[in-house]
Every structure is written in C-alpha cells, then in structure tokens.
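The primary structure of each chain is shown beneath.
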Amino acid sequence: MRGDHMWSGDELDLDAYLERIDYEGDLGPTADVLRALHRAHVAAIPFENLDVALGREVPLDVRSLQAKLVDRRRGGYCYEQNSLFAAVLERIGFPVTGRGARNRTRGIALLPVTHAILVVTVDGEPWLVDTGFGQQGLLEPIPLRDGARAEQGGWTFAIGVEDEGIHVLRALRPEGWTDLYAFAPQTLYPPDFTVMNHYSSGHPRSPFVGKVVAQRPGTGARRSLVRNLLTVVRTDGSGDERKVGPAELVRTLSDVFGIEVDAEEAAGLVRVHSAVV
C-alpha cells in the first residue's frame, strides 16, 4: 500500500480530468465540492462495458483509466468509474475508502458482491459516493447514515441499515421503495477492485460479458441500452423502449450516450450485437 496515494491520485492529470467533466468550480475537500464533482462526472462520463463486450482486458491503473475515460472520452463501468473518481478525490484531499456491494435490482436472486463503491469522509461525516451504477445510480453523494434521504434531479434515494451493520441504498419508484444494493462496512482496497473486476470482465455468468451495455443517469430521464433494448425512464414513471438493430448500434452509442468508437471497435461491437439480437 502507498499511504497517502492509495488510489494513485498523484499520477492523475487533474486539469485534463476537470476539462473532461467541464468543471471550473472550487477544489477543496468540502461537501459542496464533492457534490459538484460527482454530478459533473456522471453527467459527462457514460456507463458502458464496450471493452468487456469486445473481450479486452479492463485495466484499473490510473494511467490507463485516464487514457480511456479522459483522453479518449470513453466511458466505463463501476470499477473504472469509481477508481478514477477515487484518484481525483484523493488528489484534492478527500479521505477515500472502497466498499463492495451486492446488487438487489433483480428481485429475490442472491447475487455476489461485485459492485464497487466509495465512502468519502467530509468533516467527520461519511458519504456514499458512486459514479458507476449506471442509469439507476446516484447523481450526487448521499450521507451514509440510517434514514438519510436525498432528492436528486427528480429522483429520490435513501439509506437504510439492516442487521450486521449492512447499509442499503434505496430508490423511490411510483410503486414504492426498492433496494438498489447493499454493502457491509468492510473496507476494500484497489487490489480488491481488481479481483472483482476480473470476474465481471471475463466470467461467463457476468452480466457484462457477451453483450453491449451503455447507460446514462440524468435529471428527469435515464437511458439504458442492454443487449438490443433501448429504454428511457422518466421521473413521472413513464417510459419508452425500442429495439436497436446492428445497423443502428454505433449511431445509438454516439447520439444517445455520447460514446465514440473507432472503426475496428465498431465492427467488433456490431458482431457482438448481431449475435444477441
């Protein structure tokens, strides 16, 4: 471990990152700055699994993350998004630790702990920070205390605590509260994210292998492409969905999610997409 540089924030080009997320505000370890950076990050950098779909390695070192998410203006999934954001926050001076969460959005199925999140302490208070849960995720951090509730861009989230100190992030839907994920107080470190990433990027039962996934949270509406289904969900509970064929895939990634790929990537993604349509 590297002490003050656990998340390799010292290797980050902070100016390039801030330009990528179009952030020109204050930089200091305060709650206001944390919220502003989080909101700017999720607005600018989409959630996507395209390297996984292409069968590529998904490195989590800061230089690789910067090259992909910042310089190439691509997106990433939770390990990439939150590892990069942890480096940013560490560089600014926030105390940052990792956690591992269990997805609860798929009904009663007991899923493994594969979602990577962050806990950031500001003035002695811990905050749940998560830029990588895709279209259902937080727009801003939320205080990590039982009963905390936050309205963000028309979406409402809350924190609950269960037995054994398990924290749960919940979202308010038209039909009532639903659990998004649950996590224990155990601290995780970058090598733990690497192990989780290895499963999610390569195991045949991973929900990210063998198909294209792209998502964007947002104020008023959330957008998601999983396999060939493009969905839009709005804060009033209304939504739309349509099929996206192989010929539309690259244009949809660009127009809806702001993801640009080169010709080789486009050809590979169309092949993957054609196999699941």
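Structure's up top.
Just so you know, these numbers come straight off a predicted model, no measurement behind them.

A. Region of interest: helix 7 (residues 249-257). Buried residues of helix 7: Leu 249, Thr 252, Leu 253 and Phe 257, and no others. All buried residues of helix 7 fall inside an arc of 100° around its axis, so they share one side. One or two steps after helix 7, the chain reaches Gly 258, where phi turns positive at roughly 70°.

B. Quick peek at the packing of helix 7 against helix 8 (residues 263-276). Between helix 7 and helix 8, the shortest axis-to-axis distance is 9 Å and the interhelical angle comes to 110°. Our classification of the angle between helix 7 and helix 8 gives roughly perpendicular. The segment helix 7 lies against helix 8, with Leu 249, Val 250 and Leu 253 engaging Ala 266, Leu 269, Val 270 and His 273. Looking at the contact of helix 7 with helix 8 residue by residue, the class counts come to six nonpolar, one polar and no charged.

C. Inspection of the side chain of Lys 68 at higher detail. By secondary structure assignment, the location of Lys 68 is in helix 4 (residues 62-71). Take Lys 68: its relative accessible area is 8%, and that puts it in the buried class. Other than its neighbours up to four places away in sequence, Lys 68 contacts Asp 51, Arg 73, Arg 74, Gly 75 and Glu 80.

D. Highlighting the pairing of strand 6 (residues 149-152). Covered by surrounding structure in strand 6 are Ala 150 and Gln 152 only, the residues Arg 149 and Glu 151 on the alternate face being uncovered. As defined by bridge partners, strand 6 adjoins strand 7 (residues 155-161) across four bridges and the pair is classed as antiparallel. Counted as the bridge partner of Gln 152 is Trp 155 from strand 7.

E. A look at the sheet that holds strand 5 (residues 142-143). One open sheet holds the eight strands; their spatial order is 5-4-3-2-9-8-7-6, and the pairing between them is antiparallel. Of all the strands in the sheet, the pair left with one neighbour each is strand 5 and strand 6. Bridge analysis of strand 2 (residues 96-103) against strand 3 (residues 113-122) gives seven bridges, and the strand direction is antiparallel. Within the sheet, the bridge partner assigned to Gly 100 lies in strand 3 and is Ala 116. Strands in contact with helix 2 (residues 31-44) are strand 3, strand 4 (125-129) and strand 6; relative to strand 4, the strand with the most contacts, it is inclined by about 5°. Those strands touched by helix 5 (residues 78-92) are strand 2, strand 3 and strand 4, and its axis lies near 15° from that of strand 3.

F. Local environment of the pattern of salt bridges. Enumeration according to the criterion identifies 18 salt bridges in this entry. When the shortest N-O distance is used, the salt bridge between Arg 72 and Glu 265 registers 2.8 Å. One end of the pair, Arg 72, is in the loop between helix 4 and helix 5; the other, Glu 265, is in helix 8, and 193 residues separate them in sequence. A salt bridge links Asp 179 to Arg 170; the shortest N-O distance between them is 2.9 Å. Classification of Arg 170 as partly exposed rests on a relative accessible area of 24%. Where salt bridges share partners, they join Glu 48, Asp 51, Arg 56, Lys 68, Arg 72, Arg 74, Glu 80 and Glu 265 into one cluster.

G. Spotlight on the nonpolar core. With 46 residues, the main nonpolar core has Tyr 17, Leu 37, Leu 89 and Phe 94 as its most contacted residues. For this core, the elements supplying multiple residues, two or more each, are helix 1 (14-20), helix 2, helix 4, helix 5, strand 3, strand 4 and helix 6 (190-202). Counting residues per element, this core draws most heavily on helix 5, which supplies nine residues. Apart from residues no more than four positions distant in its own chain, Leu 37 is found in contact with Leu 18, Ile 21, Tyr 23, Phe 85, Leu 89 and Ile 92. Of all hydrophobic cores here, the second largest spans 20 residues; its members include Val 119, Phe 133, Leu 144 and Ala 171.

H. View of the environment of Pro 59. Following the sequence through the fold, Pro 59 ends up in the loop between helix 3 (50-53) and helix 4. In this structure Pro 59 comes out as partly exposed when scored by relative accessible area, which is 30%. Once the C-alpha coordinates of Pro 59 and Glu 80 are considered, the two residues, 21 residues apart in sequence, prove to be 8.1 Å apart. When sequence neighbours within four positions are dropped, the list of residues in contact with Pro 59 reads Ser 64 and Leu 65.

Cut-offs and rules
- Residues numbered from 1 in each chain as written.
- Predicted model: local features only at pLDDT ≥ 70, side-chain atom pairs only at ≥ 80, totals over all residues.
- Heavy atoms only, no water.
- Buried < 20%, exposed > 50% of the residue type's maximum accessible area, 1.4 Å probe, protein only.
- Helix = DSSP H or I, 4+ residues; strand = E, 2+ residues; numbered from the N terminus.
- Arc of directions from axis to C-beta.
- Axes fitted to C-alpha atoms, helices over the stretch in contact; angles between N-to-C directions.
- Parallel < 35°, antiparallel > 145°, perpendicular 65-115°, else oblique.
- Contact = heavy atoms within 4.5 Å.
- Nonpolar A, V, L, I, M, F, W, Y, C, P; charged D, E, K, R; others polar.
- Pairing = 2+ DSSP bridges.
- Salt bridge = Lys/Arg side-chain N within 4 Å of Asp/Glu carboxyl O.
- Core = buried A, V, L, I, M, F, W, Y, C linked by side-chain atoms within 4.5 Å.

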